[in-house]
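A structural walkthrough
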Amino acid sequence: MKKTFLLLLSAILFSSSALAISAKQALIQNAINKHEKNILAAMKKKNASQDEIFETYVLAANEMKAYSAFKFARQFYYKAIDLDGVTVDKSRLFFSLINMDLLEGKSGKDSYDELIHYQKKHKVKDRKFVNLTAHYYKVLINQKLSSEVLSKTELQEIEKDFTYFTPLKWNDIQIHVSRKDFKKALDLLSTMDMNRAPINQKIISDLVTVKTEEKSNKTNPLLCEPQFKKYPGSQSASYTMKLCKILLDERFGKGFNPSDVEKLAKLIEQKAPTQKFLLDALK
Amino acid sequence: MKNLNVFILVLLGLVFISCEDGTGQNGYIYPNNEYQTTDQLQYGAKTNECYRARYALENNPEANVEQLICERDENGNITKKRKVTYITRDESTLRTITNFATSFLNKDKETREKEGGEGCKCEPMGESCAPKSCTCSEICPATAEILKSRQSYIRPTAENSMFYNNSSSHNDTAYETYPLSGGYCSGHVRQRQKFTYLADFQPDLRSTPKMKVGDETWKKYTKAEIDGVVQQRKTVFHGFKDFTDLKEKDPELGDYLKSQLGVEKLEDIEKNPHMSGYRYKKKGDTYWSLLNDIEFKNPDKEKIPADTAYEPYSGKRIPPMHEEAEYREFMERQVQLVSRYSQPAVIPGFSNLLELSADPQYDEIIGSNAAIDWKHYAELDDDMARKGTRIVEDKGHDKPMTKKQIEDMMKTVKERMPEFDPSKSKEEWNKGGPWETMPLSFRAKNKDATAGTQHLYHAVEVWAWKKLPDGKEWICIADPNSPPGGNDDCNVRFVIDPNNEAEPITYSEWPNRTIGKMMLEPSAEGQNGRYMIQLAHACRHKNKNNFYMGCDAKGKDDVNCGDKDYESIDVDELERDANERIERQRRKLEEAPGEES
C-alpha cells in the first residue's frame, strides 16, 4: 500500500515540469488529498499501527523532498509530527524542515526552536546521532563559527564522529570569508587538497588566495583558471566563472569591472543564493 | 522525413512486419484489429524478442497482412530473409505493400532507424521498428527490467565519472589529519547514481542553424564548435572537409582555431587523424582517456539548411550551441532535472558524465547538489535505518564485522548487484543484469594509533562483486574520492577474506586502516525504486502514441499513456491489465484462429 501511494505521488510529479511545479500545485494538492484519504482508509481497515501510519507520512514526505517539492514535503512532515501515539523519536523530521528552510533561503530558526521544544517535551534515552545533527544545524542557522556556537564538548563530539566535521569546516571557512578574515580561512583551507574539488569549492579557495597573496608573488595559477580558459562562454551562466574572471582581472591589476560585479550579483541571486558571502567579501 | 515515411506506411494498408528467429511460424489476423503471433501464444508476450516486432494499421480491419520472415544479427541488421507470407484479398494492394515493406527492410540500418526505429527490437527504453510495434510493457516496463537501458552507464569508467572528486588526496600520505576536501561523499555518490539512472546522453541530438558558408551565423557556429574541440566534446562542423580546408576558406577562423587549440595540437590533429569518412578520432590530451569526436558534414555545400532538434520529453526546441545564452539556459534545466529534481532528462550534445561535469556551469550545479543530497540522505538514512543499525552512532563500529554480518551484507550485494567478469569488454559486460548500484557507508580506524584522525567515516558506491577461486570475494567500488577512471575494472575494491578473523575486510584505497562496520544504505532501496518508476513514466510519456495496444488502459481501450490522468496511474494495475489483454487475445485465437497461408 505504501508503495502504491509513493508510486502515485511520483507519477503525479512526473507529469509536471519540476521546475515549473507551481503551475500544477492545485492539481497535485487535490491528487495528494484524494490518495491520502484512500490510503488512510485502507490502513485503518488493516488495523495499521500509529507507527506504520507515521512511517507512511515520513516516506511520502521524504519522497516529496527528493523531488524538491518542499511545500508538499512540509505538509507530510507536519502530519507525521502531529500524529499521536507514535513510539519513535521524531527529532529527525525537524532536521528535514530546517534543511528545507535553509535551501529556500530562510533562517531555519523557527524549525530549530520547534525541535528544541519537541525534545524538551519528549525525553529519549539515546540521541547521540540526533544530537550531532542538532549541533550541525545549530551552527548553520546561527551563521557563526562553530566555535562560537558549540561548547568544547560538543565540538569534540563532532570531531570524533567525523560525519559533520568537514561540512562544519566549510561553514567556518565561509564565515571567515564573509567577515573578510581571509588569513583564518586560508589556515583552514590549507588542510585540504583543493586541486580536484568541485568548482564551487575551488572558487572560495581562489578568492582567499587572491585576498591573501603578496603582490610580488602571484605566480601560481588560480584553481578556476583552466576551466575558465577552456569554457570562455560559461561566465554568462556560471557564478563561479564570472567570479573567476573578476579575480583574474584583479590579480593582474585590471581592477573590478563594475558591470562584472553586477552580473555576478545577479547570477548568485538567481542560482546560488547561499553563496552571497562571496559578494560581501569582494566589496 | 521520418513522419512522412511512417505516414506512407500507414496509407499503404495493413503491413505486418515480423522477424522470425528460427521457428518459421506465420502471423494471424484478428477481427478486432489486434494481432498476435504464434510464438506469443506458445510462450507468452515476454519471449521471442524478434517476433514482437509488428506493425498494424488500425483503420482497416479487413485489410491485408504481410509477414516478412527474417533473421537479424545483434545490431538489428537483416542477415537473411527466409520467406514472405501473405494473407490477402487484393493482390494489387498486396504488391504495393510487399514492395514497400521489402524496400523498407532492404534499406541500410541507418535509414531504417531514421524512418522507423531500431529494426525488430523491443528493448526497454529502446525504439521499435515502426510505431505501435512493441507493447508498453516491453518498451516501458515498470519493473527493474527498465534499468537494462542503463547497462552502459553503471560501470564507473572514466566517461561515467565526475570530472572532479570529493577529494584527491586520501592516499597521498600514510595518514592525513583531515583528508577530505569535499566532505560530502554520500552526496557525490548520489549524484553519480542520478546520472547513471536518469540522464540520457545524446551527443548527436543538436540543432544546426540555417547558415551560409562565410556568413556571420556560420562563423559564430564554427567558433563554438572549435571551442567544443578544446572542451573535448562531440563537435560537428559544416561547410569544409577538414581543418586545413577551413584555414583556406576563412583565415580568420583558421587563426581562431590555432589560438584555441595551439599550433602543436592542431598539427597533431591534421597530421595524425584516424580517419573514418569525414570523421576524426583522437585521444584526448588529459591524463584520463577520452575520445574527442570531430565530424565534418556538408563539406562541399555553400548553404547549410536548418536542422532543429527537439527535446523528446517536453518537445522543446534545443537551441543551437552557438546561441550560448539560450543553449546554456536550456541545458541548465536539463541538468537540474536530473541532479536536483531526480527526473529523467535528455542531455543533448554531450556523450557522457565526464564531458558534462567538466563544464564549470554544470560542475557548479552538480557540486552544490552533492552537498544538498548529502544533507537529505544523512537524514533519510537515520530514518530508514532505525530498525537496523546506524553505523555512525553506536560504540564498537570501528571494529571488524563478524562473519554473520559479512554474510548478510554479501547476500544483498549478490542479489542486487551484478557479478564482475573481467574477461568481457565494457560493452558486453553485464548484459543480463541486475542493473543496480548501491551506496555503502563504512567506518574505519587508523592502524597507527598515533596518526591523525582516528575514526573515519566514508560513503562509496557498490557496482559489482566477484568470487575468487581461493574463497575470497571482491566488492567492486566507485569511490567519489578517486579520479575519473580510477574505479574501473574493480581495481578499487573491498576484499573479503573469510579466513582472516582479525581483518576479514580490507579496502584497496585505505591499506593503513582497519575497516569497521559497513552498511548498504537503506535509503537506496527507495531511491532506486523511484528512479525505476521515473524512467518508466518518462518512457511512457515519450512513446505515448507508439505502443501496440496502448498503455495505461485501466479498463479503457487504447488510452495513450503519458499525458493523461496521471493521478490514476497504478503501475501494478497496468501490468495486470496488459497481461489480461494478452490472455484475452490468446483465448480469441483458440476460439477462432485467423487465416493461415
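Preceding this paragraph is the structure being described.
Just so it is clear, the model here is predicted, and its values are computed rather than measured.

Time to look at the overall build of chain B. Secondary structure summary: chain B contains 17 helices and 19 strands in total. For chain B, buried positions account for 59% of its 597 residues. Looking at chain B alone, contacts between residues at least 24 apart form 66% of all its contacts between residues at least 6 apart. When the accessible surface of chain B is totalled, it reaches about 23900 Å², and 48% of it is carbon and sulfur.

For the rest of this paragraph, the subject is the overall build of chain A. Along chain A, the regular secondary structure elements total 16 helices and zero strands. By residue count, 56% of the 283 residues in chain A fall in the buried class. Considering only residue pairs separated by 6 or more positions, chain A has 58% of its internal contacts joining residues 24 or more positions apart. Total accessible area on chain A is roughly 12900 Å²; 52% of this is exposed by carbon and sulfur atoms.

Counted by the stated rule, this structure contains three disulfides over all chains. Here A:Cys224 engages in a disulfide with A:Cys244; their sulfurs sit 2.0 Å apart. Judged by the sign of its S-S torsion, about 85°, the bond between A:Cys224 and A:Cys244 is right-handed. Of this pair, A:Cys224 sits in the loop between α12 (199–212) and α13 (225–230) while A:Cys244 sits in helix α14 (residues 239–251), placing them 20 residues apart in sequence. Of the two residues, A:Cys224 and A:Cys244, neither departs from the other in class, the shared state being buried. Between the sulfur of B:Cys476 and that of B:Cys490 lies a disulfide, 2.1 Å long from S to S. In this structure, the disulfide formed by B:Cys476 and B:Cys490 twists by about -95° around the S-S bond and is classed as left-handed. Of this pair, B:Cys476 sits in strand β15 (residues 473–478) while B:Cys490 sits in the loop between β15 and β16 (493–496), and the two are 14 residues apart along the sequence. The burial state of B:Cys476 is the same as that of B:Cys490; both residues are buried.

This brings us to the environment of B:Tyr531. Checked against the element boundaries, B:Tyr531 lands in helix α16 (residues 523–542). If we skip the residues at most four places from it in the chain, B:Tyr531 touches B:Lys194, B:Tyr197, B:Leu198, B:Ser342 and B:Tyr377.

A few words on the packing of helix α11 (residues 182–189) of chain A against α12(A). Residue and element names in this part refer to chain A. Interhelical geometry of α11 versus α12 gives an angle of 130° and a closest axis separation of 9 Å. Taken together, the axes of α11 and α12 lie oblique to each other. Seen from above, α11 lies across α12 with left-handed handedness. Packed against α11, whose contacting residues are Phe182, Lys183, Ala185, Leu186 and Leu189, the element α12 presents Ser205, Val208, Lys211 and Thr212 at the interface. For the contact of α11 with α12, the per-class residue count stands at five nonpolar, two polar and two charged.

The next point concerns empty space enclosed by the protein. All names here are of chain B. As enumerated under the stated definition, the model contains 15 cavities of 30 Å³ or more in all. Reported here for the largest cavity is a volume of approximately 170 Å³. As for the largest cavity, its lining consists of 15 residues, and the residues nearest its centre are Met162, Arg192, Asp479, Pro480 and Asn487. Residue contributions to the lining of the largest cavity peak at three residues, all from helix α7 (residues 185–198). Residues belonging to the lining of the largest cavity are distributed by class as follows: six nonpolar, six polar and three charged.

This paragraph deals with the nonpolar core. Membership of the largest hydrophobic core comes to 80 residues, with the highest contact counts inside it found for A:Val177 and A:Leu278. When residues of this core are assigned to their parent elements, the largest contribution, eight residues, is made by helix α7 (residues 128–142) of chain A. Looking at which domains feed residues into this core, each of domain 1 (1–9 + 26–88) and domain 2 (198–282) of chain A supplies at least three. Apart from residues lying up to four places away in sequence, A:Leu278 is in contact with A:Ile203, A:Ile204, A:Leu207, A:Tyr239, A:Leu243 and A:Ile268. One finds B:Ala142, B:Tyr153, B:Ala309 and B:Trp435 within the second-largest nonpolar core, a separate group that totals 55 residues.

Let's shift gears to helix α4 (residues 70–82) of chain A. Its 13 residues place the ends of α4(A) 18 Å apart at the C-alpha level, agreeing with the 18 Å of an ideal helix rising 1.5 Å per residue. Three or more residues of α4(A) are buried, namely A:Phe70, A:Phe72, A:Ala73, A:Arg74, A:Phe76, A:Tyr77, A:Ala80 and A:Ile81.

Another aspect to go through is unusual backbone geometry. Residue and element names in this part refer to chain B. Here the bond from Gly433 into Pro434 is cis, since omega is 0°, no more than 30 degrees from zero. Here Pro434 shows up in the loop between α15 (403–416) and β13 (438–446). One non-glycine residue, Cys490, lies in positive phi territory at about 60°. Owing to a relative accessible area of 0%, Cys490 belongs among the buried residues under this scheme.

Attention now goes to the pattern of salt bridges. For the structure on display, the rule yields 33 salt bridges over all chains. Within the structure, one salt-bridge network assembled from shared partners comprises A:Lys242, A:Lys245, A:Asp249, A:Lys254 and A:Asp260.

All names here are of chain B. According to the stated counting rule, one finds 24 aromatic pairs over all chains in the structure shown. Between the aromatic rings of Phe237 and Phe240, the centroid separation amounts to 5.5 Å while the plane-to-plane angle is 50°, which identifies the pairing as tilted. Judged by relative accessible area, which is 0%, Phe237 ranks as buried. Ring centres 5.3 Å apart and planes at 75° place the aromatic pair Phe243 and Phe296 in the edge-to-face group. Here the residue Phe243 occupies a position in helix α9 (residues 243–249), and Phe296 occupies one in strand β10 (residues 291–297), the gap between them amounting to 53 residues. Pair check on accessibility: Phe243 and Phe296 agree, each one buried.

What follows covers helix α3 (residues 50–66) of chain A. Residue and element names in this part refer to chain A. For α3, with 17 residues, the first-to-last C-alpha span of 24 Å sits near the 24 Å given by 1.5 Å per residue. α3 sits mainly inside the fold: 14 of its 17 residues count as buried. Phi for Ser68, located one or two positions after α3, is positive at around 60°.

What follows deals with the packing of α12(A) against α14(A). All names here are of chain A. Packing of α12 against α14 leaves a shortest axis separation of 10 Å and a crossing angle of 20°. As judged from the angle between their axes, α12 and α14 are roughly parallel. The hand of the α12/α14 crossing is left-handed. Contacts between α12 and α14 involve Ile199, Asn200, Ile203, Asp206, Leu207, Val210 and Lys211 from the former and Tyr239, Thr240, Met241, Leu243, Cys244, Leu247, Glu250 and Arg251 from the latter. Split by residue class, the contact of α12 with α14 holds nine nonpolar, two polar and four charged.

This next bit is on the environment of A:Pro232. With respect to the helices, strands and loops of the structure, A:Pro232 is situated in the loop between α13 and α14. A relative accessible area of 33% places A:Pro232 in the partly exposed class. In this structure, the C-alpha to C-alpha distance between A:Pro232 and A:Lys242, residues ten residues apart in sequence, is 9.9 Å. With sequence-adjacent residues up to four places away left out, A:Pro232 is seen in contact with B:Asp227 and B:Gln231.

Thresholds applied
- Residues numbered from 1 in each chain as written.
- Chains lettered and ligands numbered in written order.
- Predicted model: local features only at pLDDT ≥ 70, side-chain atom pairs only at ≥ 80, totals over all residues.
- Heavy atoms only, no water.
- Helix = DSSP H or I, 4+ residues; strand = E, 2+ residues; numbered from the N terminus.
- Buried < 20%, exposed > 50% of the residue type's maximum accessible area, 1.4 Å probe, protein only.
- Contact = heavy atoms within 4.5 Å.
- Areas by Shrake-Rupley, 256 points an atom, 1.4 Å probe, with all protein chains shown as cover.
- Disulfide = S-S within 2.5 Å.
- Axes fitted to C-alpha atoms, helices over the stretch in contact; angles between N-to-C directions.
- Parallel < 35°, antiparallel > 145°, perpendicular 65-115°, else oblique.
- Left-handed = near helix turned anticlockwise from the far one by under 90°.
- Nonpolar A, V, L, I, M, F, W, Y, C, P; charged D, E, K, R; others polar.
- 1 Å grid on protein atoms, 1.4 Å probe; cavity = no way out; pocket = protein on both sides within 12 Å on 5 of 7 lines; lining within 4 Å.
- Points joined across faces, edges and corners; volume = space filled by probe spheres on them.
- Core = buried A, V, L, I, M, F, W, Y, C linked by side-chain atoms within 4.5 Å.
- Domains from an automatic or database assignment.
- Expected span 1.5 Å × (residues − 1).
- Salt bridge = Lys/Arg side-chain N within 4 Å of Asp/Glu carboxyl O.
- Phe/Tyr/Trp six-rings, centres within 6.5 Å; stacked < 30°, edge-to-face > 60°.

These figures capture arrangement, not role.
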